[in-house]
Every structure is written in structure tokens, then in C-alpha cells.
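Coordinate inspection notes
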Amino acid sequence: MIKDAPTVAIVGAGPAGMSCANACVSFGLAPVVIERADHVGGAQRGNFHENLWLLGSPGETGEALTRRLVTHYGRLPVPTHVGTTVTRITEDDAGFVLDLAPPPADGTRVTDADQAAGTHRLHARALLLATGMRPRATAQLRALAAHSERVLIGALSDALRERVRDADVLILGGGDNALDHALFLAERGCRVRVATRAGFSARAAFLAACAARDDIELRPHAAPIRLEVEGERIRAVWADGTDGMHDWLLVLFGYQPDTDILDAFTGVPRPTLGAGGHVRVDAWQRTDVPGIYAAGDLTETPQPSVAAAIAQGLAAARAMERDLRAGA
Ligand SMILES: Cc1cc2nc3c(=O)[nH]c(=O)nc-3n(C[C@H](O)[C@H](O)[C@H](O)COP(=O)(O)OP(=O)(O)OC[C@H]3O[C@@H](n4cnc5c(N)ncnc54)[C@H](O)[C@@H]3O)c2cc1C
């Protein structure tokens, strides 16, 4: 790494953040990555399905693809803080100041003055937001999930999917992900009820495959009027007066941009969001706040994918390098 290279803070270590870090290194910038999860890799880390969208790696699952990206990333000279959140973002004369929690271990660009003051700060000339998407859910369902480990919001994790066997499962949601999970669980001996408030929007092949099975019940235009955790099980009460007990409840309502990071902005203008809650960017991933860039699923991307996130991370790094040179 070039001595005294400008520091770039990258929030989120999915494909967009990792790609930006990789490109920053080759463009003579000094990236530091902050990742909230306890591992890098992003959304595809637990995807056991074949990735059909990436030319050049036929048959490769999302998990395997992520392993490849992470292995390469791990060889880069990039300080990376996993299990870390940015609690506050402010500005000083030199750029952005990020307060990190918990305090970073070795390798962080914390100044001597900060260390002496007992603060844990990262000073950066530019900032990339690459926090991706998070599963959608109502506040009531989030509260239920906080109460029971058997209420799951978003796709089944690799740790859990082997545990859900020979069980009664209620899935809320009507898209590809909901029906894909129903088929996966039915193959593992589960009896699955899939309910969606509107009609099913999943692709025809998934619908036909689910409809052909006795162990999957599809309920369009239906949503439980009440959900209660009773011991290890979940009771769903329906508008027709019936109720049912389930071992697991999966909420698969799709995804929304994860903009939690904007809560940390203090005295720094927040980038403008579009109608869908995505961070607005130009063709070079610049937001409307100078020095702040965004890439990947957090931005409005025509076809969100690993390939698009990698390309956007690269473009953001190039824009940062040009903008920092122009402003130097
Ligand atoms: C069900 C599903 C199936 C998909 N299938 C495919 C497919 O087959 N092929 C394909 O190419 N793409 C697929 N995608 C899309 C692909 O996963 C995304 O486009 C890609 O992961 C986007 O990369 P990203 O870096 O923008 O975000 P992510 O991969 O979501 O990474 C964001 C990272 O930011 C971290 N983060 C979030 N908030 C904070 C914070 N406040 N502070 C620090 N870190 C934070 C997260 O923990 C995460 O590690 C699929 C997506 C879904 C949901």
C-alpha cells in the first residue's frame, strides 16, 4: 500500500464493498472496511442454490462463489473490522470521522490523539456505503422473531436449514423465495402451508411444482389475523375462524434497502433516497453528498446481482480516486 494514501471507509463487506476495497488498493487508495456481521461475504454467503447469473462459473452455488470472493479479499492488504458498527459519522476539516463500536483491534487507522483520548475513530477522506438489503417484515413480526427462535425473518440460514426437518412450517410470502423454500422444506419431510395476502407472484414453474405436492398447501389471498408463540410452537389464527399450530414460521416478504447506517449521520448531510428507499447515485456511484458514494443493492440497480455489485464497487473506487485527486 502507498504510504500516506488517502483513507477510504467502506461500510459493508458484501460483493460491492469487497470489490471497492480491491479496486481502491489498485488505484493507490487505503481502504478500511467495517462489517456489522461477524464475517465478510454478504447476502450470497448462505445461498446453496446455483448462481445462474454469473457467466464463467456454471454450477457454482452462491456459497461457493462467496468463498472464492472472500478468499481473494482475504489476501488484500485491507484492514477489516467484522462484528463492528458505525455509531456516529461526523466531519472535520480533513474529511469524515467514523466512531466504531466495539473498539477496533489491531490494524485500524486510529490516530495517536484518538487513542490517547480513549476514543475509537476512523478518519477517512471518502466514504462508501455498501450495506445491501435486508429482509422486509412488519414490526409485529420482528417482535415475534425476537421472542422465538422459531420465527425467522428472511431466508433460512445454513445453520438452521438442516434443523428444519419433518416439521409443520408456515411460510408467509408469495414470491419465488417463499415457494422455493416450500419445495426445499417439503423435500426434507416438512408439511408446509404458504400464505400470501395477495395472489402468488412466484414464477409459474415454482407454482406448478408446489401445487403438485400433497405436503404443500398454497393459500392465496390469506393472512393470519393473529400469530402467537406457545412454547415451542406458533399458533396462527385465520379469518375463517380456523387455527393451526406450526413448528416454524418463515417470513419471506422480499427485501428492502438496508439504510440503518444513515442513523449514524450526525452533522453530515444524508444522501438523498429514491422512492423505493434506495440511495440515489450517479453513473459513477456518487451520492448527492460530496465524498460519499454508494454501491450494490443499497442503490437502485436494474437487476441486483453479484456481478452488478462488483462492477459498481469498482466504479465507485475509480470515482473516489479521480475526485480525491481533483480535490487534492
Ligand atoms: C434470495 C436471493 C437470491 C439471490 N440470488 C442471486 C443469484 O443467484 N445470483 C446473483 O448474482 N445475485 C443473487 N442475489 C442478489 C445478490 O445477493 C446481491 O445483489 C448482492 O449480494 C449485493 O451485494 P452488496 O454488496 O450490495 O450487498 P450484500 O451482499 O447484501 O452485502 C451487504 C453487507 O453489508 C453489511 N451491512 C449491512 N448494514 C451494515 C452496517 N450498518 N454496518 C456495517 N455493515 C453492514 C451486511 O452484513 C452485508 O455483509 C440474490 C439475492 C437474494 C436476496
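I will try to describe carefully the structure that is included in this document.

Rules used throughout
Residues numbered from 1 in each chain as written. Predicted model: local features only at pLDDT ≥ 70, side-chain atom pairs only at ≥ 80, totals over all residues. Heavy atoms only, no water. Helix = DSSP H or I, 4+ residues; strand = E, 2+ residues; numbered from the N terminus. Pairing = 2+ DSSP bridges. Axes fitted to C-alpha atoms, helices over the stretch in contact; angles between N-to-C directions. Expected span 1.5 Å × (residues − 1). Buried < 20%, exposed > 50% of the residue type's maximum accessible area, 1.4 Å probe, protein only. Contact = heavy atoms within 4.5 Å. Salt bridge = Lys/Arg side-chain N within 4 Å of Asp/Glu carboxyl O. Core = buried A, V, L, I, M, F, W, Y, C linked by side-chain atoms within 4.5 Å. Near = heavy atom within 4 Å. Polar contact = N/O pair within 3.5 Å; in protein donor to acceptor, adjacent residues only side chain to side chain. Areas by Shrake-Rupley, 256 points an atom, 1.4 Å probe, with all protein chains shown as cover.

Examining the environment of Pro 79
- Counting through the fold element by element, Pro 79 comes out in the loop between α2 (62–74) and β3 (80–81).
- Between the C-alpha atoms of Pro 79 and Ala 21, which are 58 residues apart in sequence, the distance is 9.8 Å.

Focus on the sheet that holds strand β13 (residues 226–230)
- Taken in spatial order, the 3 strands of this open sheet run β13-β14-β15, and their pairing is antiparallel. Edge strands, defined here as strands with exactly one partner in the open sheet, are β13 and β15 (243–246). If you compare each strand with its neighbour and ignore which way they point, the axes differ by 20° on average.
- Two elements, β13 and strand β14 (residues 233–237), share 5 bridges in a ladder whose sense is antiparallel. Residue Arg 226 lies in a different strand from β14, and its bridge partner there is Val 237.

Comments concerning helix α8 (residues 306–327)
- Here α8 contains 22 residues, and its C-alpha end-to-end distance of 31 Å stays within 8% of the 32 Å for a straight helix at 1.5 Å per residue.
- Among all positions in α8, only Val 306, Ala 308, Ala 309, Gln 312, Gly 313, Ala 315, Ala 316, Ala 317, Ala 319, Met 320, Glu 321 and Leu 324 are buried.
- Along its buried surface, α8 packs onto β1 (7–11), α1 (15–26), α2, β7 (126–129) and β18 (292–294).

Section: the side chain of Glu 63
- Mapped onto the elements of the fold, Glu 63 is located in helix α2.
- For Glu 63, a relative accessible area of 18% puts it in the buried group.
- Ignoring sequence-local partners within four residues, the contact set of Glu 63 consists of Gln 44, Arg 45, Gly 46, Asn 47, Phe 48, Asp 158 and Arg 161.

Describing the pattern of salt bridges
- For the structure shown, the criterion picks out 27 salt bridges.
- The partner of Glu 149 in a salt bridge is Arg 163, with the nearest N and O atoms 3.0 Å apart. Here the residue Glu 149 occupies a position in the loop between α4 (139–147) and β9 (151–153), and Arg 163 occupies one in the loop between α5 (158–161) and β10 (168–172), the gap between them amounting to 14 residues.
- Across the pair Asp 323 and Arg 286 runs a salt bridge, and its minimum N-O distance is 2.8 Å. Taken together, the residues Asp 323 in helix α8 and Arg 286 in the loop between β17 (255–257) and β18 connect sequence positions 37 residues apart.
- Look at Arg 286 and you get partly exposed, because its relative accessible area is 26%.

Things to note about the environment of Pro 220
- For Pro 220, the location among the structural elements is in strand β12 (residues 216–220).
- Separated by 45 residues in the primary sequence, Pro 220 and Gly 175 place their C-alpha atoms 11 Å from one another.
- Ignoring sequence-local partners within four residues, the contact set of Pro 220 consists of Thr 196, Ala 198, Gly 199 and Phe 200.

Some thoughts on the nonpolar core
- One finds Cys 20, Tyr 73, Leu 128 and Met 320 to be the most contacted residues of the largest nonpolar core, which totals 26 residues.
- Among the elements of the structure, β1, α1, β7 and α8 are those that each provide at least two residues to this core.
- Contacts of Met 320, omitting those with residues within four sequence positions, involve Val 8, Cys 20, Cys 24, Leu 29, Ala 126, Leu 127, Leu 128 and Tyr 293.
- If you look at the next biggest cluster of nonpolar residues, it comprises 25 residues, including Ala 167, Val 192, Cys 210 and Ile 216.

Overview of the site of the ligand
- Neighbouring the ligand are 29 residues; Glu 35, Ala 43, Gln 44, Asp 297 and Val 306 lie closest to it.
- A distance of 2.6 Å separates an oxygen atom of the ligand from a polar side-chain atom of Glu 35.
- Taking Gln 44, its side chain carries an N or O atom lying 2.9 Å from an oxygen atom of the ligand.
- Out of a free accessible area of 1,000 Å², the ligand has 86% covered by protein chains.
- Looking at the shell around the ligand, the elements with two or more residues in it are α1 and α8.

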